[in-house]
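Fold and contact review
Each chain, written out:
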2 protein chains.
Amino acid sequence: MEKLVPVSLSNRHIHVTKEHLEILFGEGHELTKTKDLSQPGQFACDEKVDIVGPKSTLKGVRILGPVRPETQLEISLYDARTMGVDGIVRPSGNIKGTPGCTIIGTKGQVEIKEGVIVASRHVHLHTSDSEKFGLKDKDIVKVKVGKERGVIFENVMVRVHPTYALDMHIDIEEGNAAGIGNGTMGEIIR
Amino acid sequence: MEKLVPVSLSNRHIHVTKEHLEILFGEGHELTKTKDLSQPGQFACDEKVDIVGPKSTLKGVRILGPVRPETQLEISLYDARTMGVDGIVRPSGNIKGTPGCTIIGTKGQVEIKEGVIVASRHVHLHTSDSEKFGLKDKDIVKVKVGKERGVIFENVMVRVHPTYALDMHIDIEEGNAAGIGNGTMGEIIR
C-alpha cells in the first residue's frame, strides 16, 4: 500500500506565550484568527511582529496561535544567515541552547534568550493513520516528494496523536528544493 | 565503489554578454576577477548589478565570468517569488520562454526579454571521472547528501567534458534543505 501524505510548507512564523503577547500587543490582547491551519486547533493570526537579529530585521513575521507555554521563532536557514544567528535544526519545543532575538510588537518589545529554531521536518499522523501505515510515534521514515525536482527527505520523524491530522511539515526551502507547493502529496517510504 | 562528488552551492548570480557588459559598465569594460570557481575558466567578479522585477529589486547580484553568448540570471525559487516572476527550473543555457528582467549597472541598464532561470541541479564529471564512475553525459542519477537533514536528490543530470572538474551544482535552497555547506561530499547512487 502506498503511504501518501499531504505536504505543508511553513514560512517563517512565531509562537508566543500569553505573557509575551500582552507585552507586544497590550494587556488583555487576544489573538485574531486569520485562518485555520492543517492541525486541528492551530491557526494563523492577523498579528505580525518584527524580529531583530544581530545583522538584520525580519519584518512582518506572522504569529501562529493559540498561545503556547514558550515563545518560539521558526525560520529557514536562509533567514538565520540574514538575521545573523546560528541556524539550529530542532524539533518544535526543543529550544534549549538555541539563539535568542528581540521581538517588536505594536505596544512593546520582548527579548528572548533562546527560542530561534529551524524546525526539523516531521509527519503528523492521526492514530488511525498510524495503524493503517504500520508506523508509531517517533519512527524515522523517508518521504519522497516532487517530480522534475524530486527529492527523498531522509530522517523524517513521525508524530502520532489522536488530535493530529495527516500532514507533513517542511519549510519553504525544503519545499522549493523539491519544487513543490502546499498540498502536494508525498509518499512515505522506509 | 562509492561515487563521491563535492557539492557547490550557487547563490543568485548572472552571466552577461560582452555587449550587455559594456552597456552596464561602460565601453571596453572588462570583468574583474574576484576568485576562481570550481569549474576551470569560470570566475566570480567584483562587478555586481541590481535586478528589477515586477514586484521588487534584487540588489547586488554578482556577475560570473567569462562573458557568454547569452545573458542569463540564475536565482532561487524564493528569489523568483520575491521578484514577482515565474520560477522556471531549467538547465543552464536553455532560456527560451523564460521570464525577463531589467539589469542595472553603474553606467547603464539592459532589459532582457528572457533569461531568468532557476538552474536545475547537475553533476560535472571530467572524462576520467566518467570512466571511473561508469556514467556518461546526460545520464540521470540520484545524489545522497547531508546527515541530520539528509536528502536524496533525484533527477540529477550528469554532464561530462574534458574541461570539467568533478563537482555537483545545487542552489542555496537545495543546500539548506539538506543542511549542507560548500564542499560537502555527496554520493552518486542510481
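Residues numbered from 1 in each chain as written. Chains lettered and ligands numbered in written order. Predicted model: local features only at pLDDT ≥ 70, side-chain atom pairs only at ≥ 80, totals over all residues. Heavy atoms only, no water.

1. As for the pattern of salt bridges
The full count for this structure, using the stated rule, is 24 salt bridges over all chains. Residue Lys59 of chain A is joined to Asp50 of chain A by a salt bridge in which the shortest nitrogen-to-oxygen separation is 3.6 Å. What makes Lys59 of chain A exposed here is its relative accessible area of 62%. Here the salt bridges do not stand alone but share partners, grouping Arg121, Asp171 and Glu174 of chain A together with Arg149 of chain B into one network. (Salt bridge = Lys/Arg side-chain N within 4 Å of Asp/Glu carboxyl O. Buried < 20%, exposed > 50% of the residue type's maximum accessible area, 1.4 Å probe, protein only.)

2. What to know about the interface of chain B and chain A
On the side of chain A, 25 residues touch chain B, which itself brings 25 residues to the contact. A combined buried area of about 2300 Å² lies between chain B and chain A, and 42% of that area is made up of carbon and sulfur atoms. Area buried by chain B at its contact with chain A is led by Arg149, Glu154 and Asn176 of chain B, which between them contribute 25% of it. Residue Lys144 of chain A is joined to Glu154 of chain B by a salt bridge in which the shortest nitrogen-to-oxygen separation is 2.7 Å. At the junction of chain B with chain A, the criterion picks out 25 residue pairs in polar contact (both at pLDDT 80 or more). (Contact = heavy atoms within 4.5 Å. Buried area = accessible area lost by both parts, 1.4 Å probe. Polar contact = N/O pair within 3.5 Å; in protein donor to acceptor, adjacent residues only side chain to side chain.)

3. Thoughts on the state of the cysteines
Taken as a whole and assessed by the stated rule, the structure comprises zero disulfides over all chains. There is no disulfide at Cys101 of chain B, and the cysteine sulfur nearest it, in Cys45 of chain B, is 17 Å away. (Disulfide = S-S within 2.5 Å.)

4. A short note on the relation of the copies chain B and chain A
Relative to chain A, chain B is turned by 180° and slid 0.0 Å along the rotation axis, the superposed coordinates differing by an RMSD of 0.0 Å. The two molecules are tied by a two-fold rotation axis, judged by turn and shift. In this assembly, 100% of the residues forming the interface of chain B have copies in chain A that are likewise at the interface, indicating an isologous arrangement. (Least-squares fit on C-alpha atoms with pLDDT ≥ 70 in both.)

5. Observations concerning the side chain of Arg149 of chain A
Its place among the elements puts Arg149 of chain A in the loop between β12 (140-145) and β13 (151-160). Leave out the neighbours within four places in its chain, and Arg149 of chain A touches Asn176, Ala177, Ala178 and Gly179 of chain A together with Leu77, Val89, Val118, Ala119, Arg121, Asp171 and Glu174 of chain B. (Helix = DSSP H or I, 4+ residues; strand = E, 2+ residues; numbered from the N terminus.)

6. Overview of the nonpolar core
Among the nonpolar cores identified, the biggest contains 42 residues, and Val143, Phe153 and Met168 of chain A together with Val143, Phe153 and Met168 of chain B are the most heavily contacted of them. Residue contacts for Phe153 of chain A: discarding those within four places in its chain leaves Arg121, Val141, Lys142, Val143, Val145, Met168, Ile170, Glu174 and Ala178 of chain A together with Gly150 and Val151 of chain B. (Core = buried A, V, L, I, M, F, W, Y, C linked by side-chain atoms within 4.5 Å.)

7. Details of helix α1 (residues 18-25) of chain B
A turn of α-helix holds 3.6 residues, and therefore any two residues three or four places apart point the same way. Residues and elements named next belong to chain B. Among the residues making up α1, those that are buried are His20, Leu21, Leu24 and Phe25. The buried residues of α1 occupy one face: seen down the axis, they fall within an arc of 110°. Buried positions along α1 lie against β4 (43-52), β5 (57-65), β8 (101-104) and β9 (109-112). Just downstream of α1, Gly26 is the residue with a positive phi angle, here 105°. (Arc of directions from axis to C-beta.)

8. Notes on the packing of aromatic side chains
Scanning all chains against the criterion turns up one aromatic pair over all chains. Positioned above the aromatic ring of Phe43 of chain A is the side chain of Lys33 of chain A, whose terminal nitrogen or guanidinium carbon lies 5.5 Å from the ring centre. (Phe/Tyr/Trp six-rings, centres within 6.5 Å; stacked < 30°, edge-to-face > 60°. Lys NZ or Arg CZ within 6 Å of the ring centre and 35° of its normal.)

9. A few points about the confidence of the model for chain A
Averaged over all residues, the pLDDT of chain A is 97; the fraction at 70 or higher stands at 100%. As a predicted assembly, this complex carries a pTM of 0.95 together with an ipTM value of 0.93. (pLDDT = per-residue confidence, 0-100.)

10. Observations concerning the environment of Asp86 of chain A
Residue and element names in this part refer to chain A. Structurally, the position occupied by Asp86 is in the loop between α2 (77-83) and β7 (89-90). Judged by relative accessible area, which is 57%, Asp86 ranks as exposed. Not counting the four nearest positions on each side in its chain, Asp86 is found in contact with Ala80 and Pro99.

11. So, the environment of Gly175 of chain B
Residue and element names in this part refer to chain B. Following the sequence through the fold, Gly175 ends up in helix α4 (residues 172-177). Relative accessible area serves as the criterion here: at 0%, Gly175 is assigned to the buried category. Placed 12 residues apart in sequence, Gly175 and Thr163 show a C-alpha to C-alpha distance of 25 Å. Every residue in contact with Gly175, bar those within four places of it in the chain, is listed here: Leu9, Ile170 and Ile180.

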